[in-house]
Amino acid sequence: MSITLPLLILVIPLFMFLLLGLAGNKMSPRLSGILGCLGMGTTMVLAYIVSFTYFFSGNPDFVDAEAHTRLQWVVFNVDWLSFTDSLVIRLGFLLDPIAALLLVVITTISFMVHLYSMGYMRDHHGVWEKGFQRFYAFLSLFSFSMLGLVVATNIFQMYIFWELVGASSYLLIGFYYPKPSAVLAAKKAFIVTRFADLGFLIGILALSYYTGTFNFMDLTSSQLVSGAYHVNLETAENIKNIFATSAAPTFMGASVLTWALVLIFMGGMGKSAMMPLHIWLPDAMEGPTPVSALIHAATMVVAGVYLVARLFPLYLMEEASLEIITVVGAITAFYAAMVACTQIDIKRVLAFSTISQIAFMMVSLGVARPEFHHGIGYMASMFHLFTHAMFKALLFLCAGALIHAIGSNDYTDMHGLRKHMPVTHITFLIGCLAIAGIIPFAGFFSKDEILTATMGHSTFWYIWMSAVAGLTAFYMFRLYYLIFWWKEHKVREGHHAPHDQPWTMTLPLVILAAISCVAGFVPMGNLVTWNGHEMFPEGASFITNLKALDWTVASISLAVAIIAIILATVMYRKENPLPAKMKQALPALWDWCYHRFYWDELYMFITKSIIFQRVCKPIAWFDRHIIDGTMDGFALVTNKLSYAIRGFQSGNTQTYVWWYLIGVLALGGITILCLL
Amino acid sequence: MDISMIYYLVPTLVMFCCGIYGFITRKNMIAMLISIELMLNAVDINFVIFNRYLFPGQLEGMMFTLFAIAIAAAETALAIAIIINLFRAHKNIDVSDITKMKF
Amino acid sequence: MFSNILIYFVVIPVVMLGALALCRGMKAIRAVAVTGSLALLGLSIWVLCDYLEMRAAGNNAPMLFTGSWSWFAPLNINLAVGVDGISIAMLILSSVILLTGSFASWKINPLPKEFFLWLVLLSTGVFGFFISIDLFTMFMFYEVALIPMYLLIGVWGSGNKNYSAMKLTLMLMGGSAFLMLGLIGIYYHSAPEGTPLTWNILEIAQNSSIDMGWQYFLFPMTFVGFGVLGAMFPFHTWSPDGHASAPTAVSMLHAGVLMKLGGYGCFRVAIYLMPEAAAELAWIFLILTGISVVYGAFSACVQTDLKYINAYSSVSHCGLVLFAILMLNTTAMTGAVMQMLSHGLMTALFFALIGMIYGRTHTRDITKMGGLMQIMPYLAVCYVIAGMASLGLPGLSGFVAEMTIFVGSFEHADMFHRVFTIVACCSIVITAVYILRVVGKLLFGPVYDEHHRTLTDAEWWERTSTIALIVCVAAIGCFPNFFVDLIKFTFSPDIFAVLGMK
């Protein structure tokens, strides 16, 4: 493949960022919006071409047709910063199944969001929001960074773009910068992820020190020359040996490789909002809703999953690290689902739902083993990443439409909107069905694969994750009913009756809903697997996924989802006292869920009362009073000493003579004594 | 020569010590100036005596004495001028009151 | 003598001094300052190009453009000059900051002429220091750079300026006292017995005749002497007060260039001449600088005065410079020089912006300001960019420098170095905390003081100054390999081998 198209995919968003960022003020908002959409649209088309070529062209660079194996292909790779001869940060473009998949996901969602924002970022009178151009500039920056992240050829390039997406996320969360809560949320998001990135960085340093390379292909496979995408077991052993020898000491009982992998995973935990680093994501909803859809639902937050998937062959060498991933993911999934059942702010429900779904992907990676169904967990995780991006972006964009129409984030201000906003209603329902895992919507297939993979690994986690899947269906339908049913909508004083939004906003909803309906039929097993081998070498079609299903698991999860939906229907379809009764029956549980298990308070306590009060303040005090005091003390002592001896200089001539006389006599005496 | 050097030296020593004593104890600047003259003269006499007794063939001591007398005269003139100026400024020539020249 | 191009780095400032003395009126002063600093910038770029050409042609001498003219023959004191990649990087940094500093003090009041006279005298010292390879002349230029600070802060400063000026000058002079002892000590051991003594760094390095016993004494002397200027814990305390009181351009030059004299000297004198002692004693100073890094960052978190925040941040970043130098390997030391460049530029940008904001709001207390993004968007955006550079956003200079340092530091596999490397890495999180705290309080949020709404955004000279700095910061951040290659030559393994280092 020529270098032009892949390069353009990165350059166009970057150029749009510079153009809109530097010259945005000089253009009208409409022009900048159109330019942004055009730029992203072009990028999307290019990304489609590149991905399509990668998956389906049959080019021997990309696929080994005889072995039914997809290969990794480095389109370009230029030196950017060389530390030592072997440790060099290169900026490049790596094309492999997951990168190609993510290219499609990111550009699609990003384009939808660009289009949607043309409608969303103006008020009911059609006046553009202040800073509209800036908004598009930041969206372009984000898209550039995210695309750079997924095509990274080495772990340090990933880290670079990892930081850049963090910064663009900061800028976009804080888009409404005069609002203090938005500023705080942006700051929190950045600092929490920064803390996680510290782990990531140290992990990279450790890994690269012992392996002597940053390159993914060196780390995960050996056959650089042919660019093959499967782990050569011999090299895998080599890397393992590097860490097993005495040159790499163990630390606190675990090998350095385990430590490095766990620390790298910590970076992923931060970005992907795994417990206990999840606290920034609900607050990040302060940003404009399209941003939440793009960054905090579909793309950036799955970067952690992508990172683990990218290094999966390494993780496979240390099963302990995979176990950690599984446990963290499972606990987070359950926790977030619990919390999502009690939130009032619809965006927060969706945010916790996102956390929970990403945790599903993490669990799926954690339980993936090559022995079981060719590592189905890996495929399932990427599949879920793909479908989740579509339906969660859809749900967020629906939420945006609702918020835009109602002017409030709380479902208590909504209720009974189904007749007022039919398009939003239908698309939201499709999103809910997809996430709940109802056949034939997208979420059914991907979630089912995840549960299958989990069952193959451990029954306990299978039951656990099925329960979480049930909870998911319950809270999503709770939300759905509370927004669209429950009771008739009361139009607030001085407001118009809510109605569907202009085409720029509804069109993305419809497109994403359509994708959510059919995405489940993409034969992902043939496109994305952990070692590139196609799962169905005999060929795949649209019903492959249906045929390949493990129907025991599928029917159980379907039954769980339907029961949960029925429960939600009973409780929330019409206004009734059941929910209130439940709340009274379990007040403590409800309270803890409602307050998100007091994580924020805990963090507040740690940062405000411990770090600021017990660390920073004492250090500042120490500096001002002890260090500075010592230096001032030197000055003071000198000063005092000078004052003490200046009494000699009394101005009284006769005293001087006395001293002089004494001196002369003393000197004379000494001289005489010496002479004697 | 019956009279040995010591007979001259003792009175000059006494004279010199009187000078020191006076310089330290008298508060009046004129009196202090006089004390200085006493000391100077004691030294002058010593010069002459040493010249006379130790190096009778030479004249350096004599010459030096003359020189010192001249310098002392100039110095006294200067000192008197300062004292008069001080008196004009302070209406007082008590040395213990003139302690501005310090630090 | 005048055929050597380097000498013009001293000649131009001296000519500027003369021209300034003859100036009448603000316009003439500005013209002289800007023309002179542009000439210096042009000169340093010229030297850079020549240097690269000579290196490309295969000239492998440790220093190029060398020249030496006798100055005081009995003690063998020469005016010896020569540069390598590091000095050139520093020369470019200094001229950029002098130029932007001149723009930043466009409307300095009162006594503009005197202000620029002292400022140019200061830069004479700086440029002279970076081109010298004779210890004595180096020391002399070092002192020339220090003394004008006293007047610049004492006369044109703000706040508790007398105290700060005195404190800064006395502490740095204290450092020089150590340094002078060290330098004289080096001189008396500069050559094997029976051969004439020398002050020339290259010759001393060649002779390497300082025995271990003396190195144990002289290394700490010189390292601490320069370390004081490099804001090494616990000798950093002049920095917050000094920076807070100094006028804008002086803060810029001081934090941007003068603090680099410390790091540069630590390498060029202490480590280059006494590598064995450096290897033995590095651990002591690693502890101190490691503390600097974290300590400065934590202190910055609770300050409310913008300049104090930035000064403590400088303590942290300059701590990282010394920290990296002490790692004694190519990567980390390259990172140290990158960090010097990066910190010099971004901290100058910070101080320029703080000066501009202070000139409008007349306060530097972040609790008394807010929402400046709505009032002066240009300055606010620049501040955010500076902040992002400081907290290490890729694409800006801070990231490149820090990563190089961390990767280099990680090359030491023993527990002691590991622990301190990780401690230093922690600073990236703390930096994010204090930068975002300021950005959130100062620039974002609602407008705190309604009177501020009448304030204006940046004037053209302020824009020139900030844009020039931002372009430099972004250039290092986007094309780091150019600078790394420039610097790395001096730290290349064969030169270390000459010095008996790894």
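Along each chain, the written sequence defines residue order, and numbers are assigned to residues from 1. Labels are handed out in written order, letters beginning with A for the chains and numbers beginning with 1 for the ligands. Local features in this predicted model are restricted to residues of pLDDT 70 or higher, and side-chain atom pairs are both shown and tallied only at a pLDDT of 80 or more, whereas totals for entire chains, interfaces and linings draw on every residue. With hydrogens and water excluded, all non-hydrogen atoms of the structure serve as input to the side-chain values.

Student: Quick question: what am I supposed to make of the interface of chain B and chain A here?
Tutor: A common way to express how large an interface is: the accessible area buried when the components associate. Pairs of residues are marked as contacts when any of their non-hydrogen atoms sit within 4.5 Å. Taken together, the contact pairs 14 residues of chain B with eleven residues of chain A. By definition, a salt bridge exists where a carboxyl oxygen of Asp or Glu is found within 4 Å of a side-chain nitrogen of Lys or Arg. Applying the counting rule to chain B against chain A returns zero salt bridges. Think of a polar contact as two N or O atoms within 3.5 Å of one another; within protein, one of them needs to be a possible hydrogen donor and the other a possible acceptor, and neighboring residues in sequence only count if both atoms come from side chains. In this structure, the connection of chain B to chain A is made through four residue pairs in polar contact (both at pLDDT 80 or more). When residues in the side of chain B that touches chain A are grouped by element, the largest group, four residues, is from helix H1 (residues 5-25) of chain B. Residues are sorted three ways: Asp, Glu, Lys and Arg are charged, Ala, Val, Leu, Ile, Met, Phe, Trp, Tyr, Cys and Pro are nonpolar, and all the rest, Gly among them, are polar. Tallied by class, the residues present in the side of chain B that touches chain A amount to eight nonpolar, three polar and three charged. Secondary structure counts use DSSP, requiring at least four H or I residues in a row for a helix and at least two E residues in a row for a strand, with both numbered from the N terminus.

Student: Just to check I follow, could you spell out the layout of surface pockets for this structure?
Tutor: To find leftover empty space, a probe the size of one water molecule is rolled over the atoms. Think of a 1 Å grid over just the protein atoms. A cavity is a set of points where a 1.4 Å probe fits yet cannot get out, a pocket is an open set with protein on both sides within 12 Å along at least five of seven lines, and lining residues have an atom within 4 Å of a point. Grid points are joined across faces, edges and corners, and a volume is the space filled by probe spheres set on the points. The space that makes up the second largest pocket amounts to roughly 1,400 Å³. Around the second largest pocket, the lining comprises 42 residues; the ones closest to its centre are Lys187, Ile191, Met604, Thr607 and Phe612 of chain A. Those elements that provide at least two residues to the lining of the second largest pocket are helix H6 (180-211) and helix H26 (599-645) of chain A together with helix H11 (275-301) and helix H17 (415-443) of chain C. With twelve residues, H26 of chain A is the largest single contributor of residues to the lining of the second largest pocket. Residue composition of the lining of the second largest pocket, grouped by class: 26 nonpolar, five polar and eleven charged.

Student: Help me understand the packing of aromatic side chains, please; the structure alone is not making it clear to me.
Tutor: Geometry of an aromatic ring pair is reported as the spacing of the ring centres plus the angle between the planes. Think of it this way: a Phe, Tyr or Trp ring, Trp meaning its six-membered ring, pairs with another when their centres are within 6.5 Å, and the plane angle makes it stacked under 30 degrees, edge-to-face over 60, tilted otherwise. Enumeration over the complete set of coordinates arrives at 79 aromatic pairs over all chains. Consider the rings of Tyr54 of chain A and Phe55 of chain A, whose centres lie 5.4 Å apart with planes at 70°: the pair is edge-to-face. Note on accessibility: Tyr54 of chain A and Phe55 of chain A belong to one class, buried. For the ring pair Tyr187 of chain C and Tyr188 of chain C, a centre distance of 5.1 Å and an interplane angle of 70° mean the geometry is edge-to-face. We call a residue buried when its accessible area falls under 20% of the maximum for its residue type, exposed when it is over 50%, and partly exposed in between, using a 1.4 Å probe and counting protein chains only. Given the relative accessible area of 6%, Tyr187 of chain C is considered buried. Through a chain of ring-to-ring contacts, three or more aromatic side chains come together here, namely Phe83, Phe156, Tyr159, Trp162, Phe200 and Phe214 of chain A together with Phe399 of chain C.

Student: So what exactly am I meant to see when it comes to the interface of chain A and chain C here?
Tutor: Contact with chain A, which involves 45 residues of that partner, is made by 57 residues of chain C. Across the chain A/chain C interface, buried area totals approximately 4,600 Å², and carbon plus sulfur atoms make up 74% of it. At the boundary of chain A with chain C, the tally comes to two salt bridges. The partner of Lys167 of chain C in a salt bridge is Asp628 of chain A, with the nearest N and O atoms 2.5 Å apart. Buried surface area refers to the total accessible area, computed with a probe of radius 1.4 Å, that the two partners give up upon joining, counted for both partners together.

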